[in-house]
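So you can see what is in the structure, the chains are spelled out below.
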Amino acid sequence: ADVAYLRSVLPSTTDDAFFDYLATLDASEVTVTAIPEGSVVFPRVPFLQVKGPLLVVQLLETTLLCLVSYASLVATNAARFRLLAGPDMKLMEMGLRRAQGPDGALSASKYSYIGGFDCTSNILAGKLYGIPVRGTIAHSFVMSFRCLEEVQPRELLPRAGGDPVDLAGLAVSWLQRVCDLLQTPPAKANQGELAAFVSYAVTFPCDFQGLLDTYCVRRSGLPNFCAVALALHQLGYQAIGVRLDSGDLAQQSKEIREVFRVCGAHFQVPWFGTIPIAVSNDISEQSLEEFRREGSEIDMIGIGTHLVTCPLQPSLGCVYKLVEVNGSPCLKLTEDEEKMTIPGMKTIYRLYDAAGHPFMDLMALEEEPSPSAGQELGIRVLGQLEETTKVIPTTVELLHRTYFRDGQVCEPLPSLPEVRTHAQVSLSLLSPAHRRLHEPQPYPVAVTERLHQLFLELRQGS
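This structure is a prediction, so every number in the text was calculated from the model and none was measured. (Residues numbered from 1 in each chain as written. Predicted model: local features only at pLDDT ≥ 70, side-chain atom pairs only at ≥ 80, totals over all residues. Heavy atoms only, no water.)

K.L.:
Explanation requested: the overall build of the protein in the structure shown.
P.N.:
Within the protein, the secondary structure is distributed over 15 helices and 20 strands. Against the globule reference of 23 Å for 462 residues, the protein gives a C-alpha radius of gyration of 29 Å, more extended than a compact globule. By its C-alpha atoms, the protein is 90 × 60 × 40 Å across when sized along the principal axes. In the protein, the proportion of contacts linking residues at least 24 apart, taken out of those at least 6 apart, comes to 65%. With an accessible surface of roughly 23600 Å², the protein has 53% of that area assigned to carbon and sulfur atoms. When the 38 basic and 52 acidic side-chain charges of the protein are each reduced to a single mean position, those positions are 5 Å apart. (Helix = DSSP H or I, 4+ residues; strand = E, 2+ residues; numbered from the N terminus. Rg over C-alpha atoms; globule rule 2.2 N^0.38 Å. Contact = heavy atoms within 4.5 Å. Areas by Shrake-Rupley, 256 points an atom, 1.4 Å probe, with all protein chains shown as cover. Lys, Arg positive; Asp, Glu negative; His and termini not counted. Charge placed at Lys NZ, Arg CZ, Asp CG, Glu CD.)

Listed below in structure tokens is the structure:
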């Protein structure tokens, strides 16, 4: 059917032998080597090399670029958020409603997890990939209630057993005590919001959380949450958190934390002061920098649009270039030096210093001997090709592994958690100068003298 469709769209003069050939295509002659998934890769370094019949490997171009470009982009974007947030902040991917369709959303969930996020709101991603799933109460749920009479059921069994208790009535009594403590009028607390919190708490007494800003955080959301959380505590349960979705999130988190501490101390509930605070609302890299600069009491951040759409760089710009045909190296020349290809089949090495940080990636021709730790190397750094540089690596790592040969996967493929761990380790190995997000020190990528000479010969010959 595929060949028949191609016949219908290609020129009528196309040779029948071409279609006969397409019908016999298979991948048994293709070999794929790659840098392991989750590794840090730098510009100009080939992270994937494909060998095989020219027509077959050319057909793979668009597929491979589609599979790796957005995935790498999202993982990189997620890693930047993780570096800004620090290792202890919980990060939740919640970009499903902003992603580029269902496939983009699933890719975003999967690769943001690799990049360092802790969980996703995308249930299908959780089912397919085993990513931890998390969610919070919705504004629409809170707004759907008008009064406590709408709460059904309203009774809850104490955790230790006993007769069921009217949680709504208990929450109303606690609301008066909380409002007296906070010096805010109980009449200002929205009754529909209180009803929503009670209904949620009756259904999920061990997982109660509140969305505080549907109406007014200080006068309604916060006292209503505290009232229901304290009522649950009286019955032996513990609330698991709150979420903010608008306003000055850092400042509000500090004010809410102080209220939790005051309530915890006054009502003698020690855990109350440590209730987790989650925030969302168009969180960007700039938002995280502001949280850190201003100080906050935020425990979890939900990020959607700025994670899955990558607005700072909407595409990664991966390219797939021919570098050798039938043993003859190829070179693409262009007016833009950065777009010139580096010819020949290559082996890629990562060079480490004595502190264990990678300080340079080195490209060598496939037939060249491997560099050795402690051996002085004469190399040419891309962008500075006019001069030779001498380096002595403490450790040399061969980056590429062969993953596909003779029609078979020949390297065990890691699980998603293993890729995620590898990504975090790869990032942690970078020196702080290379890892910082603002004005990082450029990471040098170099070629051997032999590869440089080949480049010169082909350039002059062209």
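K.L.:
Help me understand the environment of L48, please; the structure alone is not making it clear to me.
P.N.:
Inspection of the secondary structure puts L48 in strand β2 (residues 48–51). With 225 residues separating them along the chain, L48 and G273 place their C-alpha atoms 51 Å apart. Apart from the residues within four sequence positions on either side, L48 is in contact with V32, T33, A34, L64 and H400.

K.L.:
Even after reading the chapter, I still don't get the layout of surface pockets, so can you show me in this structure?
P.N.:
In this approach a probe as big as a water molecule rolls over the atoms, and the regions it shows empty are the leftover space. Estimates place the volume of the second largest pocket at around 540 Å³. Forming the walls of the second largest pocket are 24 residues, and the residues nearest its centre are M94, R97, R243, D245 and S280. Within the residue set of the lining of the second largest pocket, elements represented by two or more residues are α6 (139–143) and β10 (300–303). Residue composition of the lining of the second largest pocket, by class: seven nonpolar, eleven polar and six charged. (1 Å grid on protein atoms, 1.4 Å probe; cavity = no way out; pocket = protein on both sides within 12 Å on 5 of 7 lines; lining within 4 Å. Points joined across faces, edges and corners; volume = space filled by probe spheres on them. Nonpolar A, V, L, I, M, F, W, Y, C, P; charged D, E, K, R; others polar.)

K.L.:
Just to check I follow, could you spell out the sheet that holds β2 for this structure?
P.N.:
Either a parallel or an antiparallel arrangement is found when strands of a sheet pair, and the pairing is made through backbone hydrogen bonds. Strand order across the open sheet formed by four strands is β2-β1-β18-β19, with antiparallel pairing between neighbours. Two strands lie at the open edges of the sheet, namely β2 and β19 (408–409), each paired on one side alone. (Pairing = 2+ DSSP bridges.)

K.L.:
Explain the packing of helix α9 (residues 217–234) against helix α10 (residues 249–266) here, please?
P.N.:
For any two helices packed against each other, one specifies the crossing angle of their axes together with the interaxial distance. Look at α9 against α10: their axes get within 12 Å of each other, and the N-to-C directions meet at 40°. Classified by the angle their axes make, α9 and α10 are oblique. Along this stretch, α9 crosses α10, giving a crossing that reads as right-handed. Every residue of α10 that contacts α9 at V217, R218, L222, F225 and C226 is listed here: Q252, I256, V259, F260 and C263. (Axes fitted to C-alpha atoms, helices over the stretch in contact; angles between N-to-C directions. Parallel < 35°, antiparallel > 145°, perpendicular 65-115°, else oblique. Left-handed = near helix turned anticlockwise from the far one by under 90°.)

K.L.:
What exactly am I supposed to notice about the UniProt feature "domain: Nicotinate phosphoribosyltransferase C-terminal" (unreviewed entry) in the protein here?
P.N.:
Under the local residue numbering, the UniProt record ascribes the feature "domain: Nicotinate phosphoribosyltransferase C-terminal" (unreviewed entry) to residues 346–454. Split by type, residues 346–454 is 22% helix and 35% strand. Its first and last C-alpha atoms lie 12 Å apart. (UniProt positions renumbered as here; feature names shortened; annotations may be inferred.)

K.L.:
What exactly am I supposed to notice about the pattern of salt bridges here?
P.N.:
Pairing between side chains of opposite charge can happen when the charged atoms of each approach one another. As enumerated under the stated definition, the model contains 14 salt bridges in all. Across the pair E367 and R450 runs a salt bridge whose closest N-O atoms are separated by 3.6 Å. With E367 in the loop between β14 (358–365) and β15 (377–381) and R450 in helix α15 (residues 449–461), this residue pair connects regions lying 83 residues apart in the sequence. Sharing partners across several salt bridges, the network here consists of R257, R261, E297 and D299. (Salt bridge = Lys/Arg side-chain N within 4 Å of Asp/Glu carboxyl O.)

K.L.:
What am I meant to see in the state of the cysteines here?
P.N.:
Disulfides are covalent bonds that connect the sulfur atoms of two cysteines. Within this structure, the stated rule accounts for zero disulfides. Of the cysteine sulfurs around C206, a residue in no disulfide, the closest is that of C226, at 19 Å. The thiol of C263 is not disulfide-bonded; the next cysteine sulfur, from C226, is found 4.2 Å away. A residue is classified by how much of its surface remains accessible, and C263, at 0% relative accessible area, is buried. (Disulfide = S-S within 2.5 Å. Buried < 20%, exposed > 50% of the residue type's maximum accessible area, 1.4 Å probe, protein only.)

K.L.:
Would you mind showing me how to read the pairing of strand β18 (residues 401–405) here?
P.N.:
The side chains of a regular strand alternate between both faces of the sheet. As paired strands, strand β1 (residues 31–34) and β18 are joined by three bridges and run antiparallel to one another. Considered in β18, the bridge of A34 is made with R401. Counting the residues that bridge the hairpin from β18 to β19 gives two residues, and of these D406 lies at a positive phi of roughly 55°.

K.L.:
Help me understand the packing of helix α7 (residues 167–182) against α9 in this model?
P.N.:
Here α7 crosses α9 at 125°, and the two axes come no closer than 8 Å. Compared by their axis directions, α7 and α9 come out oblique. As for the relative orientation of α7 and α9, their crossing is right-handed in sense. Contact residues: α7 offers L167, L170, A171, W174, L175, V178, C179 and L182, while α9 offers R218, P223, N224, C226, A227, V228, L230, A231, L232 and Q234. For the contact of α7 with α9, the residue count by class is 15 nonpolar, two polar and one charged.

K.L.:
What is the right way to read the nonpolar core from this model?
P.N.:
The tendency in soluble globular proteins is for nonpolar side chains to be buried side by side. In this structure, V198, F208, F225, F260, F272 and I301 are the most contacted members of the largest nonpolar core, which totals 87 residues. The element that contributes the greatest number of residues to this core is α9, accounting for ten residues. Per-domain counts for this core show at least three residues from each of domain 1 (28–46 + 329–461) and domain 2 (77–309). Sequence-distant contacts of F208, defined by excluding residues within four places in its chain, comprise F197, Y200, A201, F225, V228, A229, L232, A239, I240 and G241. Counting 21 residues, the second largest nonpolar core, distinct from the first, contains V45, L385, L399 and V447. (Core = buried A, V, L, I, M, F, W, Y, C linked by side-chain atoms within 4.5 Å. Domains from an automatic or database assignment.)

K.L.:
Would you take a moment to explain the pairing of β10 for this structure?
P.N.:
Of the strand pairs in this sheet, strand β3 (residues 90–93) and β10 are connected by four bridges, and their pairing is parallel. Each residue of the ladder has a partner; that of K90, found in β10, is M300. The pairing of strand β9 (residues 277–279) with β10 spans two bridges and is parallel. From the neighbouring strand, V279 faces β10, where its bridge partner is I301. For the crossover that starts at β9, traverses helix α11 (residues 285–294) and ends in the parallel β10, the hand is right-handed. (Right-handed = clockwise from strand over helix to strand, strands pointing away.)

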